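One letter stands for each residue in the lines below.
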Amino acid sequence: MTVLTLSKALNEGLRKAMESDPKVLIMGEDVGKLGGVFRVTDGLQKDFGEDRVIDTPLAESGIVGTAIGLALRGYRPVCEIQFDGFVFPAFDQIVSQLAKMRYRSLGKVRLPVVVRIPFGGGIGAVEHHSESPEVMFVHTGGLRVVACGDPADGYAMIQQAIACDDPVIFFEPKRRYWDRTEVDLPGGLATALPLDRSRTLLPGTDVTVLCYGPMVRTCLEAAAAAREDGTSIEVIDLRSLAPLDAEAIYESVRRTGRCVVVHEAPVTAGLGAEIAARVSQECFYHLEAPVLRVGGFSTPYPPARMEEHYLPDLDRVLDAVDRSLAY
Amino acid sequence: MTVLTLSKALNEGLRKAMESDPKVLIMGEDVGKLGGVFRVTDGLQKDFGEDRVIDTPLAESGIVGTAIGLALRGYRPVCEIQFDGFVFPAFDQIVSQLAKMRYRSLGKVRLPVVVRIPFGGGIGAVEHHSESPEVMFVHTGGLRVVACGDPADGYAMIQQAIACDDPVIFFEPKRRYWDRTEVDLPGGLATALPLDRSRTLLPGTDVTVLCYGPMVRTCLEAAAAAREDGTSIEVIDLRSLAPLDAEAIYESVRRTGRCVVVHEAPVTAGLGAEIAARVSQECFYHLEAPVLRVGGFSTPYPPARMEEHYLPDLDRVLDAVDRSLAY
Amino acid sequence: MAVKVAGRAASRSHDQPPGPATAPDLIQLLTPEGERTYHPDYPLELTTEEVKSLYRDLVLVRRIDFEAIALQRQGELGIWASLLGQEAAQVGSGRALGPRDMAFPTYREHGVAWCRGLDPARLLELFRGVSHGGWDPREHNFHLYTIVIGAQTLHATGYAMGIQRDGALGEDGEAVIVYFGDGATSQGDVNEAFIWASVTNAPIVFFCQNNQWAISEPLDRQSRIPLYHRARGFGFPGLRVDGNDVFACLAVTRKAMQAAREGQGPTLIEAYTYRMGAHTTTDDPTRYRLSAELESWKLKDPIERVKQYLIRSGLARDDFFAAVTAEADEVGTRVRTACLEMPDPDPLAIFDHVYAEPNAPLERERAQLAAYLSSFADEEPAPAGPEARP
Amino acid sequence: MAVKVAGRAASRSHDQPPGPATAPDLIQLLTPEGERTYHPDYPLELTTEEVKSLYRDLVLVRRIDFEAIALQRQGELGIWASLLGQEAAQVGSGRALGPRDMAFPTYREHGVAWCRGLDPARLLELFRGVSHGGWDPREHNFHLYTIVIGAQTLHATGYAMGIQRDGALGEDGEAVIVYFGDGATSQGDVNEAFIWASVTNAPIVFFCQNNQWAISEPLDRQSRIPLYHRARGFGFPGLRVDGNDVFACLAVTRKAMQAAREGQGPTLIEAYTYRMGAHTTTDDPTRYRLSAELESWKLKDPIERVKQYLIRSGLARDDFFAAVTAEADEVGTRVRTACLEMPDPDPLAIFDHVYAEPNAPLERERAQLAAYLSSFADEEPAPAGPEARP
Ligand SMILES: Cc1ncc(C[n+]2csc(CCOP(=O)(O)OP(=O)(O)O)c2C)c(N)n1
Ligand SMILES: Cc1ncc(C[n+]2csc(CCOP(=O)(O)OP(=O)(O)O)c2C)c(N)n1
Ligand SMILES: [Mg+2]
Ligand SMILES: [Mg+2]
């Protein structure tokens with residue numbers, strides 16, 4: 001076991017994927033010499049050359065559009081979108097082309113393209129650098145959407161995403177890039193949890209808390225604090241946002257009777273809405289309280305000096321848990 | 001009262017808005033001589049000139065981006081996106097600029113831009129001409145999102161949207177363009193329902209059915225059929241998708257104890273999810289059955305010869321009503 | 001109430017038919033009258049068989065197009081985008097490709113599809129609404145139709161970058177051709193593709209069929225200078241060819257493709273032509289253009305001039321033309337039959353091919369629809385369309 | 001493991017410092033040594049006071065920039081995008097504008113902001129994270145900073161179309177200038193703006209500061225030919241000016257703006273300059289560029305050459321330079337004080353200015369947050385950041 005930051009774990013995962021398959025390419029803005037603004041591609045251009053780690057022109061539609069073309073030619077491109085807010089110029093290529101070409105071709109075309117997106121707030125950034133647009137991709141049939149929550153998952157999931165024959169939108173919690181955990185580098189992917197499965201990080205009996213990406217750590221901390229007050233929270237990292245590991249969620253909620261979903265994205269029409277709708281239906285007779293949602297407000301992401309009040313934190317998670325228990 | 005098609009009612013509404021405010025402009029592809037592919041802008045260029053009804057270059061980002069600039073200069077542009085699937089090249093300008101500039105400027109900038117989008121399926125079209133992307137805009141703070149369901153509403157709502165100082169994404173149910181109802185042309189807007197209010201089209205006692213756009217007619221027909229079987233459905237046309245007229249929805253569901261939401265967009269993370277999540281929370285002790293959702297599948301929109309099975313129709317609405325009643 | 005804006009570009013000229021492009025610009029090897037001309041850069045030599053075979057392709061693709069229009073009128077297709085008038089641009093460029101070259105079409109390249117060997121029935125599937133395309137792009141090195149304007153130009157450029165990485169350049173190498181219209185040149189994606197191709201020196205030919213119209217919008221809504229000049233702003237060559245001259249389209253495309261294969265990078269070809277029909281079968285061009293324009297272009301018909309050339313130069317006689325017509329009728333009938341025999345897809349195929357890997361929630365949706373549909377099994381036959389039930 | 005791809009553009013040259021642009025291309029009125037040169041198309045005449053005032057602006061904006069970098073290092077700003085090296089491009093173009101002209105900046109146009117009269121403290125608000133901008137664009141005819149690369153070029157073009165519709169063209173008319181970087185030229189939006197401006201003949205100047213880098217990417221990742229050539233592909237003039245020469249930037253921009261005002265349509269100006277500092281304070285340029293390049297550009301410093309000119313021609317003496325330095329220190333102190341005194345926004349302001357019209361669900365969210373926050377009222381002071389509580 002090696003202790004790695006999330007950034008480094010992703011870097012190692014990319015390296016491993018590039019070593020084992022010469023068709024794997026990396027492309028994006030500043031991914032070469034600079035190694036990406038978060039250093040996730042650090043050193044890869046030096047070792048694999050400029051033809052496999054491509055500093056592209058500054059245009060996200062071009063990045064995803066040409067990645068599709070490379071995939072049509074048999075490559076497996078991994079695109080980096082520099083920040084969440086800059087995925088929108090590529091939105092058309094993602095939702096109308098990347099997501100739909102397999103369907104359009106009746107399965108004759110496969111597009112094993114990964115679009116990596118550092119997402120979420122909490123780093124004190126200027127506008128467009130703290131967005132959480134994941135639900136828009138979840139709403140788009142044909143895409144798989146995942147979010148990693150810690151270095152060990154980052155290392156495994158990026159390799160699985162690259163190996164997957166479907167396009168994968170891969171969200172990385174940018175404010176957790178420098179978090180460290182143990183990563184089993186030599187361990188093969190064979191023993192890793194499949195990409196479409198959630199993971200129960202902490203078993204509990206009173207309330208099920210669902211989270212992903214940056215909120216994983218927040219929810220684990222909230223659960224630790226709650227335990228001191230005698231509340232037993234079950235924390236599930238969703239990992240796969242599309243498809244959702246729905247049965248695992250239902251199983252937990254049926255046990256606890258209570259559910260709180262936490263994400264940074266605005267609550268309004270966020271992924272929490274989908275989960276609340278499904279859980280309310282599938283666990284109708286088990287729910288002691290309505291599914292509660294903790295997330296961003298229905299506003300643009302605020303300036304950095306207000307973000308602590310916008311972002312769900314330990315207290316807001318606990319507040320929701322308390323409200324759930326009060327039903 | 002005059003009997004008009006939806007297309008013509010929108011046309012009359014646009015004409016009235018242009019007559020009463022010289023700052024109102026129309027811009028888009030083929031909106032001039034052709035009058036738009038659905039004839040919604042028919043005759044307007046002839047009467048108001050090429051400077052107020054602008055045939056633009058073929059680029060949606062350019063349409064919305066320059067409309068923002070015109071709004072900054074004091075104009076009130078109404079952009080036409082030719083078909084739902086072609087709004088995505090403009091997505092960045094809509095979610096990162098149009099939605100956020102008021103916030104960015106602390107209220108000093110107002111962007112009274114209307115983006116008209118014919119949406120939904122049922123016309124036997126090829127790919128990208130039958131999409132229902134409304135929830136992506138609902139998820140985006142700073143936008144107002146509305147959908148008209150019939151000619152009378154189309155006539156009034158387009159004028160209200162143009163008069164509104166906020167950006168409005170205006171969805172028009174394209175397969176209902178040739179539906180006719182009575183429209184009160186001389187009637188002023190003063191008596192019209194505000195743009196952010198839902199409308200109860202049919203009172204009922206057993207189940208609340210929520211819908212908008214093309215599904216309004218479908219749900220009214222379903223309610224008529226159900227009535228023959230002795231089931232009393234309350235049909236509410238949401239009209240405003242963002243903000244939602246939430247209190248009116250809750251009031252109805254608390255009365256009926258049952259709720260079905262119907263839209264064409266995929267159920268997964270569609271607007272129905274948000275409504276189900278809210279209603280489940282706010283009407284927790286009143287619900288006799290979970291909120292059920294009827295909508296598109298989690299796939300790309302299928303080829304035309306399969307769309308009848310993809311689109312919610314009378315039978316699928318009744319099926320959901322029956323399932324709700326069976327709880 | 002019309003307002004005149006100061007300082008706008010000179011008033012648009014689309015009430016006058018666009019005249020022929022100025023002579024020095026336009027590469028032409030066969031005049032509208034069927035006279036062979038020569039161009040120092042394009043010394044095209046064709047055997048009689050080759051000329052006849054080009055003629056045959058032109059006639060056949062026009063016939064297929066007519067058949068499709070008829071099928072649409074009869075309710076057998078949902079819509080059709082006619083290539084009428086653009087046969088030479090498509091056949092000329094399509095025939096310039098080698099089998100290993102890759103072509104990326106829009107929704108109107110039926111003539112190129114024909115040259116690549118794709119069964120026309122596959123095109124009809126799309127316009128009938130049976131599939132969104134569904135052919136395997138690798139089978140004939142002919143990509144799926146792309147409907148979102150311009151999107152395919154980036155796919156093509158990426159594919160060309162793949163050719164570079166595969167080391168498949170050289171005299172016998174591979175290259176890409178991508179088709180798009182005059183309207184498409186305004187899309188961000190197309191300009192990004194120009195940038196990518198230029199910066200990477202990708203082996204690609206950008207083939208723009210300037211048919212003068214983007215639905216109802218004349219060219220001056222997209223550009224105030226000739227489109228082929230666009231390339232020079234990005235640092236690669238652009239040229240304009242008579243798009244109604246199959247010889248010139250062949251020669252120019254062949255040369256540009258070979259340059260691409262040999263590592264000389266991209267070329268933009270503007271094929272100057274005319275959309276003789278409606279934009280699609282749902283369009284009514286009388287709303288926005290004058291018939292005089294159409295008439296003037298009829299004189300430049302791409303098929304007639306090859307016929308005149310064949311006749312004038314004594315290369316073909318009536319029996320040849322009669323044979324081609326007969327073959328065209330045959331192909332037309334075959335296409336028609338194939339169309340009428342197409343089975344409607346199984347409703348549950350809605351869920352096919354969304355993902356390569358298993359997807360549990362989607363399988364659940366499939367099962368639910370199956371159960372729902374079978375609940376009608378003992379009732380009357382399913383309604384014909386979503387609106388058929390009252 | 002590096003693979004060499006055949007047929008790529010000649011290998012990139014960013015390990016060598018970009019040399020000076022070739023002479024015939026580059027419009028220059030003041031050499032790096034401070035020698036005044038003359039250009040037939042740009043007969044700029046400046047009074048001594050004007051030259052001094054330009055010098056003062058250059059020094060002051062550099063001083064503000066230094067102060068902001070220092071404030072960022074001390075934790076008072078979240079980030080800062082330095083204009084170091086680009087003072088002449090910004091002051092020269094900014095001073096060419098009339099009060100009614102409208103300017104659309106990126107995130108780096110602090111020098112233009114200064115020329116427009118915007119209090120530098122407003123810029124710091126954005127980089128401190130107190131607001132996303134928050135000034136009124138109409139107050140100084142200086143639009144909000146735009147962070148999404150290229151998006152503002154379309155806003156500017158639309159605004160220019162509004163000027164046309166207002167009938168505000170003519171000798172005393174209005175025009176628009178929009179700023180963007182070399183990297184931005186690759187975005188679809190920027191190219192669409194070129195198309196719109198060309199087709200509508202909009203009164204706009206596209207001012208591209210080519211500072212040779214887009215974060216870590218050298219210019220050859222965006223274009224293989226000089227950027228000012230881009231315009232000719234769209235049918236309007238493009239030219240390259242020495243971006244470190246404040247006289248030339250002033251003269252060239254003034255002329256292009258006047259042409260725009262008079263209805264002659266758009267111009268692209270490429271100001272050839274250099275980003276002397278990091279991309280932003282979070283960037284580390286030593287990872288991707290050689291210090292030799294920086295050194296070569298130091299010799300072309302935009303301020304030094306004006307100083308040399310003033311000294312050589314005896315227009316200014318030590319007391320003048322000392323006074324400007326003193327004023328710069330004063331401005332620096334003022335900016336610093338303003339920054340330190342900025343109050344943090346009220347948390348409930350999160351909900352302000354989302355909509356112009358009342359929005360019930362949002363007001364409910366505001367009330368909920370207020371209630372939630374007040375539930376902590378009797379506890380210890382709120383945590384400093386979302387992660388401060390374990
Ligand atoms: C992004 C996008 N916007 C709008 C449309 C609708 N549309 C289909 S064809 C067309 C005109 C295309 O003109 P051009 O590029 O000249 O090609 P042509 O049809 O003339 O062959 C338009 C606007 C579309 N398909 N995609
Ligand atoms: C659409 C978009 N993509 C990516 C970014 C991240 N980003 C910020 S600045 C920058 C480089 C810009 O380079 P250039 O246009 O040359 O301007 P400069 O910073 O050199 O002034 C990038 C990639 C962004 N802001 N917007
Ligand atoms: Mg065309
Ligand atoms: Mg730059």
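Residues numbered from 1 in each chain as written. Chains lettered and ligands numbered in written order. Predicted model: local features only at pLDDT ≥ 70, side-chain atom pairs only at ≥ 80, totals over all residues. Heavy atoms only, no water.

## Thoughts on the relation of the copies chain A and chain B
Heads up, the condition is: The copies were overlaid by least squares, fitting only the C-alpha atoms of residues that reach a pLDDT of 70 or more in each copy.
Between chain A and chain B, the superposition needs a rotation of 180° and an axial shift of 0.0 Å, giving an RMSD of 0.0 Å. Such a turn and shift between the copies fits a two-fold axis.

## Some thoughts on the interface of chain A and chain B
To be explicit about the condition: The contact criterion used throughout is that any non-hydrogen atoms of two residues lie within 4.5 Å. Defined here as a combined quantity, buried area equals the accessible surface (1.4 Å probe) lost by two parts on assembly, summed across both. Each reported salt bridge corresponds to a side-chain nitrogen of Lys or Arg within 4 Å of a carboxyl oxygen of Asp or Glu. Each polar contact in these results corresponds to two N or O atoms within 3.5 Å; when the atoms are within protein, one needs to be able to donate a hydrogen and the other to accept it, and residues that are neighboring in sequence are counted only if both atoms are side-chain atoms. Comment: elements are numbered from the N terminus, with helices defined as DSSP H or I runs of at least four residues and strands as E runs of at least two. Basically, the charged four are Asp, Glu, Lys and Arg, the nonpolar ten are Ala, Val, Leu, Ile, Met, Phe, Trp, Tyr, Cys and Pro, and anything else, Gly included, counts as polar.
Every contact between the two is made by 49 residues of chain A and, on the other side, 50 residues of chain B. Looking only at chain A, the three residues that lose the most surface to chain B are Tyr103, His139 and Pro300 of chain A, adding up to 17% of its buried area. Across the contact surface, chain A and chain B share 4 salt bridges. Between Glu274 of chain A and Arg293 of chain B there is a salt bridge, with the nearest N and O atoms lying 2.7 Å from each other. The interface formed by chain A and chain B contains 13 residue pairs in polar contact (both at pLDDT 80 or more). Mapped by element, the contributors of at least two residues to the side of chain A that touches chain B are helix H4 (91-98), helix H5 (101-104), helix H6 (134-138), strand S13 (259-266), helix H10 (271-282) and strand S14 (292-296) of chain A. A per-element tally of the side of chain A that touches chain B places H10 of chain A first, with 7 residues. Looking at the side of chain A that touches chain B, its residues break down into 27 nonpolar, 13 polar and 9 charged.

## Focus: the sheet that holds S14 of chain A
All names here are of chain A. Cut-off, in case you're wondering: A strand pair is defined by DSSP finding two or more bridges across the two strands. Every axis in this analysis is a line fitted to C-alpha atoms, fitted for helices over the stretch in contact. Angles between the N-to-C directions lie between 0 and 180 degrees.
Judged by pairing direction, the sheet is mixed, and its 5 strands sit side by side in the order S9-S11-S10-S13-S14 without closing on themselves. The sheet is open, and its two borders are formed by strand S9 (199-202) and S14, each paired with just one other strand. Sheet twist, expressed as the mean angle between neighbouring strand axes with direction ignored, is 25°. As paired elements, strand S10 (residues 207-211) and S13 share 3 bridges and run parallel to each other. Counterpart to Leu210 in the pairing with S13 is Val261. Its contacts with the sheet place helix H8 (residues 215-228) against S9, S10, strand S11 (233-237) and S13, and it is angled at close to 170° to S11.

## So, the pairing of S14 of chain A
Residues and elements named next belong to chain A. Quick note on the threshold: Only protein chains enter the accessibility calculation, which uses a 1.4 Å probe. A residue is then buried if its area is under 20% of the maximum for its type, exposed if over 50%, and partly exposed in between. Seen with its strands pointing away from the viewer, a crossover is right-handed when the path leading from the first strand over the helix to the second is clockwise.
S14 sits mainly inside the fold: 5 of its 5 residues count as buried. Bridge count for S13 against S14 is 4 bridges, and the pairing is parallel. Each bridged residue has a counterpart across the sheet, and for Pro266 the counterpart in S14 is Gly296. Read from S13 through H10 to S14, the crossover connection turns out right-handed.

## Some remarks on the coordination of the magnesium ion (ligand 4)
Residues and elements named next belong to chain D. Worth spelling out the cut-off: Keep in mind that water is not among the atoms, so a site may look incomplete; donors are the N, O and S atoms within 2.8 Å of the metal, or 3.2 Å for Na, K and Ca.
Of the protein atoms, only Asp182 (OD), Asn211 (OD1) and Trp213 (O) coordinate the magnesium ion (ligand 4), at distances of 2.1 Å. Mapping the donors of the magnesium ion (ligand 4) onto the primary sequence gives the spacing D-x28-N-x1-W. Look at Asn211 and you get buried, because its relative accessible area is 5%. Judged by relative accessible area, Trp213 falls into the buried class, the value being 4%.

## What to know about the site of ligand 1
The cut-off we apply is this: For this purpose, a residue is taken to be near a molecule or strand whenever a single non-hydrogen atom of the residue falls within 4 Å of it. Using a 1.4 Å probe, the Shrake-Rupley method yields the accessible areas, and only the shown protein chains count as cover for residues.
Taken together, the neighbourhood of ligand 1 is formed by 20 residues, with Glu60 of chain B together with Tyr107, Arg108, Gly183 and Trp213 of chain C sitting nearest. Looking at what sits near ligand 1, you find residues from chains B and C. Here a nitrogen atom of ligand 1 and a side-chain polar atom of Glu60 of chain B are 2.5 Å apart. Between Ile147 of chain C and ligand 1, the recorded distance is 2.8 Å, taken from a backbone N or O atom to a nitrogen atom. Protein chains shield 96% of the accessible area of ligand 1, which is 580 Å² for the free molecule. Split by residue class, the shell around ligand 1 holds 10 nonpolar, 6 polar and 4 charged.

## With respect to the pattern of salt bridges
As enumerated under the stated definition, the model contains 94 salt bridges over all chains in all. Across the pair Arg217 of chain B and Glu221 of chain B runs a salt bridge, and its minimum N-O distance is 3.0 Å. Taken as a pair, Arg217 of chain B and Glu221 of chain B lie in helix H8 (residues 215-228) at a separation of 4 residues, close to a single helical turn. What makes Arg217 of chain B partly exposed here is its relative accessible area of 27%. Several salt bridges converge on common partners, so that one network encompasses Lys23 and Arg73 of chain A together with Arg100, Asp166 and Glu174 of chain C.

## Considering the pairing of strand S8 (residues 267-272) of chain D
Residue and element names in this part refer to chain D. Counted residue by residue, S8 has 6 buried out of 6 residues, so it is predominantly covered. Residues Thr267, Ile269 and Ala271 point to one face of S8 and Leu268, Glu270 and Tyr272 to the other, with burial holding for every one of them. Where strand S4 (residues 204-210) lies against S8, 6 bridges are found, and the strand directions are parallel. Among the inter-strand pairings, Asn210 is bridged to a residue of S8, identified as Tyr272. Bridge analysis of strand S7 (residues 238-242) against S8 gives 5 bridges, and the strand direction is parallel. Counterpart to Val241 in the pairing with S8 is Ala271. In this view, the connection linking S7 to its parallel neighbour S8 by way of helix H8 (residues 246-261) has right-handed handedness.

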